[in-house]
Amino acid sequence: MARIPPSPSSSRPLQALVDLSALAHNLAQARARAGARPIWAVVKANAYRHGIENAVRAFGAADGLALLEADEAQRARDAGWRKPILLLEGVFEMRDFAVVDALDLTVVVHCEDQLAMLEHLPAGQQVKVYLKFDTGMNRLGFPATQAKAVRARVAALPQVQVLALMTHLANADQEQLPGPTVRGQRAALHALAPDWRGAWSISNSAALFLHPDGGPEAVRPGITLYGASPAVGTSAASLGLRAAMQLQARVLALRELAPGETVGYGSRWTAARRSRIGVVTCGYADGYPRTAPEGMPVWVGGCRAPLVGRVSMDMLTVDLTEVPDAIVGSPVELWGPNVSVDEVAQRVGTVGYELLSRLPARVREATAGAT
Ligand SMILES: *Cc1c(COP(=O)(O)O)cnc(C)c1O
C-alpha cells in the first residue's frame, strides 16, 4: 500500500512576519521613558502572539519577562532567558510551586487562597513575591483595608521574600472616564504601606508612555513593545513605536467585474464601474475580523486598497482597480507597518491587543530583522 508522505508545513501564503528589530526598537522606546526604572517586558499570550522565543531574542535589554503560564515560562527558559520571570496571576494550585522553584519564577500573590498556599509551603522552599493590591480596578489584588494584616502574615513567613508591592491601573489610557485616575491609584498604593522601603510596580504601557510623571517603580509595558497603541486616539507612530508584526497574505486570484456585478457572500458590494477585484489569502479563520466594513484598507502594490464584500473563512476581496501594479502573487499586508493594527481594530470596534493576541495557530510565524 502506498504510504502517505509526511505532511509538509503548509505552503499557503499567509504568515505573521515578526520584525525582531522593531521589537528591540520598541523596547528601547520604553527604556527611554523608564530611565533607570526596571522594565518587566510583558510577554503573556505568547508575547501578544509574536512568539515567546522571538521576545527572548529581542528583549534582552529588559530586566525581566512577565507572563501567566508555566509552559510559557518554560519556553522562555528553554530559549535562554536567564533573568527574572514574573507570573502575573501567580500560582493557581499548590503543585505550581514545583515549577516556580524549578524555573526560578517570581509570583504575584493577589488573594487569600494564594496567601494560604504560601503558608503551607515547606520551610525550605524560598519564594519571591510581588504582593498585589486593589486600588480601584476591582479585579485582582487584596483590598487596601487588608494591607496591614496581609503584610504581617507574609512577613511572618521565612520562606517568602516580598520584592515589591504592585497594583494595576484601570484608566491610564483614558483619564476623562469616571473612575480612578493614575495619580489616585498611585497615591492609594503608597498610602496603604507608608513604611514600605522595597520596590513598587504600577505602570502598564499607557502609564509609562502617557503619564511620564511616575515615581520609582518596576514598570510593566506590554502592547507598546509590539508597536501598537495603548490608547484609542493615540497612534503608535506618534509614540515612536514601530509595528512588530506584519500579517502578510497574497493575491490568489483576480476578477474583472462589469458595473452592476457583485462580490462574495450576500453580494454585499456592487461594482459601480468596471472593477478589478483581488482575492486575498486571509479570512476570518485566520483571525481577520469578519465584521470588517466596506473600505477597510489593506496594503498592496505600494498603495492602500479598500476591502469590498464580506470577509469569508479563508479569503477576502479587495478592489484593485486603482492598483495596477497588483498581480496574482502580490504580497498583501492586512496589518503591519503600512496599515496599523490599531486602525483595523478601531474600524471593527476593538483594540489592537485583541487582533494581535487572538491570531490563530493556523497563521504561521516567520521572523525578519536582526536584534
Ligand atoms: C497585560 C498586563 C500589563 C501590560 O499591559 P499593556 O497595556 O499591554 O502595557 C501590565 N500589567 C499587568 C498586570 C498585565 O496583566
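Calculation notes
- Residues numbered from 1 in each chain as written.
- Predicted model: local features only at pLDDT ≥ 70, side-chain atom pairs only at ≥ 80, totals over all residues.
- Heavy atoms only, no water.
- Phe/Tyr/Trp six-rings, centres within 6.5 Å; stacked < 30°, edge-to-face > 60°.
- Helix = DSSP H or I, 4+ residues; strand = E, 2+ residues; numbered from the N terminus.
- Buried < 20%, exposed > 50% of the residue type's maximum accessible area, 1.4 Å probe, protein only.
- 1 Å grid on protein atoms, 1.4 Å probe; cavity = no way out; pocket = protein on both sides within 12 Å on 5 of 7 lines; lining within 4 Å.
- Points joined across faces, edges and corners; volume = space filled by probe spheres on them.
- Nonpolar A, V, L, I, M, F, W, Y, C, P; charged D, E, K, R; others polar.
- Contact = heavy atoms within 4.5 Å.
- Polar contact = N/O pair within 3.5 Å; in protein donor to acceptor, adjacent residues only side chain to side chain.

**Here we look at the packing of aromatic side chains**
Next, step 1: Taken as a whole, this structure holds six aromatic pairs when the rule is applied.
Next, step 2: Ring centres of Phe59 and Tyr226 lie 6.1 Å apart, and the angle between their planes is 65°; on these two criteria the pair is classed as edge-to-face. Placement of Phe59 in the loop between α3 (52-58) and β3 (64-67) and of Tyr226 in the loop between α9 (205-210) and β10 (245-257) is noted, with a sequence separation of 167 residues between them.
Next, step 3: A relative accessible area of 2% places Tyr226 in the buried class.
Next, step 4: On the basis of an interplanar angle of 55° and a centroid distance of 6.2 Å, the ring pair of Phe133 and Phe142 is categorised as tilted. Both residues of the pair, Phe133 and Phe142, count as buried.

**Quick word on empty space enclosed by the protein**
Next, step 1: Within the structure shown, the criterion is met by one cavity of 30 Å³ or more.
Next, step 2: Approximately 60 Å³ is the volume attributed to the largest cavity.
Next, step 3: If you go around the largest cavity, the residues you meet are His50, Tyr226, Gly227, Ala228, Ala243, Ala244, Met245, Trp335, Gly336, Val341 and Leu356.
Next, step 4: When its residues are assigned to classes, the lining of the largest cavity shows eight nonpolar, three polar and no charged.

**Remarks on the environment of Arg77**
Next, step 1: Residue position: Arg77 is located in helix α4 (residues 70-78).
Next, step 2: Once the C-alpha coordinates of Arg77 and Leu103 are considered, the two residues, 26 residues apart in sequence, prove to be 7.3 Å apart.
Next, step 3: Ignoring sequence-local partners within four residues, the contact set of Arg77 consists of Arg82, Lys83, Pro84, Ile85, Leu103 and Asp104.
Next, step 4: One polar contact links the side chain of Arg77 to the main-chain carbonyl oxygen of Leu103, over a distance of 2.8 Å.
Next, step 5: At a separation of 3.2 Å, a polar atom in the side chain of Arg77 contacts the main-chain carbonyl oxygen of Asp104.

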